[in-house]
Amino acid sequence: MREPLRFGRPARQGPDLSELLLAVARGDQEAFARLYDAVSGPVLGLVRGVLRNPAQSEEVTQEVLVEVWRTAARFRPEKGSAMTWVMTLAHRRAVDRVRSASAAADREQKAALLERTPAYDEVTEQVEARLEAEQVRRCMRTLTEVQHQSVTLAYYRGLTYREVAELLSLPLGTVKTRLRDGLIRLRDCLGVTA
């Protein structure tokens, strides 16, 4: 069999990345420099494909290569190639950055929605309070005189049942009955359900 013809310079054999990575695990800075030269381009290309932002891609690539330096001892040549291990780190870090950016955007969007939500509408609250007060006044007009006086003294002035009885010169039992009947009549008039 013939060998294939090759034109130009002979193909350069690259460094054995597995050996370099094992040397990096032992703290060999020169091996890391050679590994860096060999993998930084492919790592940047992969990260840029995921992130699409050149500045962030460079930042994440730097983070990946620092992680390679710190975690090189975790590399196991029997489980796969060094390039696959480095590229897996790069892909994971790039995806983490995308997820982080997406979560931050979601948080900002929720915060913006909260800022646009009106907190408390004072005018609406005042109108509702006036309407409720008018409805209570209308219903109070339907009570008998003794019921009206008893409810007014007990609930608007804060007097006890005994004080109301003394002030109206009525027996305590009568005041309690008039208050109960008056409150039932108010409840029915206001349409309150128990």
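Right, let's walk through the structure included here.

About the criteria used
- Residues numbered from 1 in each chain as written.
- Predicted model: local features only at pLDDT ≥ 70, side-chain atom pairs only at ≥ 80, totals over all residues.
- Heavy atoms only, no water.
- Helix = DSSP H or I, 4+ residues; strand = E, 2+ residues; numbered from the N terminus.
- Buried < 20%, exposed > 50% of the residue type's maximum accessible area, 1.4 Å probe, protein only.
- Contact = heavy atoms within 4.5 Å.
- Areas by Shrake-Rupley, 256 points an atom, 1.4 Å probe, with all protein chains shown as cover.
- Salt bridge = Lys/Arg side-chain N within 4 Å of Asp/Glu carboxyl O.
- Expected span 1.5 Å × (residues − 1).
- Patch = residues over 30% accessible without salt bridge, like charges linked within 9 Å, V, L, I, M, F, W, Y side chains within 5 Å.
- Disulfide = S-S within 2.5 Å.
- Core = buried A, V, L, I, M, F, W, Y, C linked by side-chain atoms within 4.5 Å.

The helix and strand tally for the chain stands at eight helices and zero strands. Along the chain direction, N to C, the helices and strands of the chain fall in the order α-α-α-α-α-α-α-α. Split into buried and exposed, the 194 residues of the chain put 24% on the buried side. For the chain, restricting intrachain contacts to residue pairs at least 6 apart in sequence, the fraction spanning at least 24 positions comes to 57%. Total accessible area computed for the chain in this model is approximately 14,400 Å², and 52% of it derives from carbon and sulfur atoms.

Applying the stated criterion to the full structure yields eight salt bridges. In this structure, R137 engages E134 in a salt bridge whose closest nitrogen and oxygen atoms are separated by 3.4 Å. Of this pair, R137 and E134 both sit in helix α5 (residues 122-140), three residues apart, which is roughly one turn of that helix. Given a relative accessible area of 45%, R137 falls into the partly exposed group. The shortest N-O distance in the salt bridge between E134 and R141 comes to 3.8 Å. One salt-bridge network, held together by shared partners, links E59, E63, E67, R93 and R97.

A separate point is helix α6 (residues 145-156). A rise of 1.5 Å per residue sets the reference length of α6, with its twelve residues, at 16 Å; its end C-alpha atoms lie 16 Å apart and thus fit the reference within 8%. Along α6, the residues classified as buried are Q147, S150, V151, L153 and A154. Among the structural elements, α5, α7 (161-168) and α8 (172-190) are those in contact with the buried residues of α6. A positive phi of about 80° marks G158, the residue just after α6.

Nonpolar side chains collect at one region of the surface, where Y155, Y156, Y161 and L183 lie side by side and expose about 420 Å² of accessible area between them. Residue placement: Y155 occurs in helix α6.

This brings us to the state of the cysteines. A full pass over the atoms with the stated rule returns one disulfide. A sulfur-sulfur separation of 2.0 Å characterises the disulfide bridge that pairs C139 with C189. One disulfide, between C139 and C189, carries an S-S torsion of -80° and so falls in the left-handed class. Pair noted here: C139 is in helix α5 and C189 is in helix α8, with a separation of 50 residues, a long-range link.

Core analysis: the biggest nonpolar cluster contains 25 residues, and L21, L35, V43 and V68 have the highest contact counts within it. At the level of elements, α1 (17-25), α2 (29-51), α3 (54-71) and α4 (82-116) are the ones that each hand at least two residues to this core. The contacts of V43, once residues within four sequence positions are left out, are T61, V64, V86, M87 and A90. Of all hydrophobic cores here, the second largest spans eleven residues; its members include L143, L153, A154 and V175.

Take it as geometry only, folks, not as evidence of what the structure does.
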